[in-house]
Amino acid sequence: QLTGDTIDYRPLLKEIKKSGETRIVLDCDYDKIALILHQANEIELLTDYHNYLITSLDVDKINFEQYTHQNVNITGFRLVDPNTELVRKYLKKFPNRLQGKAHPLYSSNALMYDSVQVFAKALNNLD
């Protein structure tokens, strides 16, 4: 485990490589995932023998294009299904091209939207 202000994950990644572990759970802030994967790639920890589980609920917003030819297994989850009718209507009504945490479908933004909808419905039901 590293401190929050660390940006060089190579020492830990080298330790993981030396241990021979092939199943890695990446539980970190969304903003760090791309950097960690980039550094893991530099020290050859993204091979067809490695399996990554990313715990962020916004893994679908990370660009994995550069790793598609490496046969690494990267598994993650997403909270919001962009193919649902409600999401498509929302994106049509409020189109934007923001990335990362500013993206309207980022999990905390989607949860905030849902909470406001539930609160509004509760207030309407008070009448």
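Going along each chain's sequence as written, the residues are numbered from 1 onward. Reporting in this predicted model follows two pLDDT cut-offs: at least 70 for local features of residues, and 80 or more for side-chain atom pairs to be given and counted; totals over whole chains, interfaces and linings ignore these cut-offs and use all residues. Based on all heavy atoms of the structure, the side-chain values leave hydrogens and waters out of the count.

K.L.:
Just give me the short version of a nonpolar patch on the surface, but keep the residues and values in it.
P.N.:
Nonpolar side chains collect at one region of the surface, where Val25, Leu53, Leu57, Phe77, Leu79 and Leu111 lie side by side and expose about 520 Å² of accessible area between them. Each helix is a run of H or I in the DSSP string that is no shorter than four residues. Each strand is a run of E no shorter than two, and both are numbered from the N terminus. Its place among the elements puts Leu53 in strand E2 (residues 51-54). For patch detection, residues must exceed 30% relative accessible area and be free of salt bridges, and they are connected within 9 Å for like charges or within 5 Å for nonpolar side chains (Val, Leu, Ile, Met, Phe, Trp, Tyr). Note on areas: Shrake-Rupley with a 1.4 Å probe; residue coverage comes only from the protein chains shown. By definition here, a salt bridge exists when the distance from a side-chain nitrogen of Lys or Arg to a carboxyl oxygen of Asp or Glu is within 4 Å.

K.L.:
I'd like to hear about the side chain of Lys61, residue by residue, with values.
P.N.:
Turning to its location among the elements, Lys61 is positioned in the loop between E2 and strand E3 (73-75). Only protein chains enter the calculation, and the probe is 1.4 Å; a residue is then buried if its accessible area is under 20% of its type maximum, exposed if over 50%, and partly exposed in between. A relative accessible area of 16% places Lys61 in the buried class. In protein, a polar contact requires one atom able to donate a hydrogen and another able to accept it; more generally it is a pair of N or O atoms within 3.5 Å, and residues adjacent in sequence count only if both atoms are side-chain atoms. Only 3.2 Å separates the side chain of Lys61 from the side chain of Asp60, close enough to count as a polar contact. Two residues qualify as a contact provided that any one of their heavy atoms is within 4.5 Å of a heavy atom in the partner residue. Not counting residues within four places of it along the chain, the set of residues in contact with Lys61 comprises Tyr30, His103, Leu105 and Tyr106.

K.L.:
So what about the nonpolar core? Which residues, and what values?
P.N.:
Buried Ala, Val, Leu, Ile, Met, Phe, Trp, Tyr and Cys residues that are joined via side-chain atoms within 4.5 Å together make up what is termed a nonpolar core. Counting 20 residues, the largest nonpolar core has Leu13, Leu37, Leu45, Leu46 and Tyr52 as the members making the most contacts within it. Those elements giving two or more residues to this core turn out to be helix H1 (10-19), strand E1 (23-26), helix H2 (30-42) and E2. With 5 residues, the top contributor of residues to this core is H2. Residues in contact with Leu13, not counting those within four places in the same chain, are Ile36, Gln39, Ala40, Ile43 and Leu45.

K.L.:
Tell me about the confidence of the model for the chain, and name the residues and values.
P.N.:
Do not read the predicted coordinates in detail wherever pLDDT is low. The predictor attaches a confidence to each residue, and that confidence, scored 0 to 100, is pLDDT. Confidence in the prediction for the chain averages 86 pLDDT; 93% of positions are at 70 or higher. By mean pLDDT, the top-scoring element of the chain is E2 (95), and the lowest-scoring one is helix H3 (residues 85-93) (82).

K.L.:
Residues and numbers for the pairing of E2, please.
P.N.:
Only one face of E2 is covered, namely the face carrying Tyr52 and Ile54; the face carrying Asn51 and Leu53 is uncovered. As judged from the 4 bridges shared by E1 and E2, these two strands associate in the parallel manner. Bridge pairing in E2 places Ile24 opposite Tyr52. Consider the strands pointing away from the viewer: the crossover is right-handed when the path from the first strand over the helix to the second runs clockwise. Following the chain from E1 across H2 to the adjacent parallel E2, one finds a crossover that is right-handed. A strand pair is defined by DSSP finding two or more bridges across the two strands.

K.L.:
Please give an account of the sheet that holds E3 that cites residues and values.
P.N.:
Read from one edge of the open sheet, 3 strands run E1-E2-E3, paired in parallel fashion. Strand pairing shows two members of the sheet lacking a second neighbour, E1 and E3, which therefore form its edges. Strand-to-strand twist in this sheet, taken as the mean axis angle between neighbours without regard to direction, amounts to 15°. Axis angles are defined between N-to-C directions and span 0 to 180 degrees, where every axis is a line fitted to C-alpha atoms and, for a helix, only to the segment in contact. Contacts from H2 reach E1, E2 and E3, with the element oriented near 170° to E2.

K.L.:
Just give me the short version of the pattern of salt bridges, but keep the residues and values in it.
P.N.:
Opposite charge on two side chains lets them pair, provided their charged atoms get close. The tally for this structure, following the rule as stated, stands at 7 salt bridges. The partner of Lys17 in a salt bridge is Glu44, with the nearest N and O atoms 3.8 Å apart. Here Glu44 lies in the loop between H2 and E2 and Lys17 lies in helix H1, a separation of 27 residues in the sequence. Residue Glu44 is classed as exposed on the basis of its relative accessible area, which comes to 54%. A salt bridge links Glu85 to Lys89; the shortest N-O distance between them is 3.2 Å. With Glu85 and Lys89 both in helix H3 and 4 residues apart, this pair spans about one turn of that helix. A relative accessible area of 49% means that Glu85 is categorised as partly exposed. Through salt bridges that share partners, Asp8, Arg10 and Glu42 make up one connected network.

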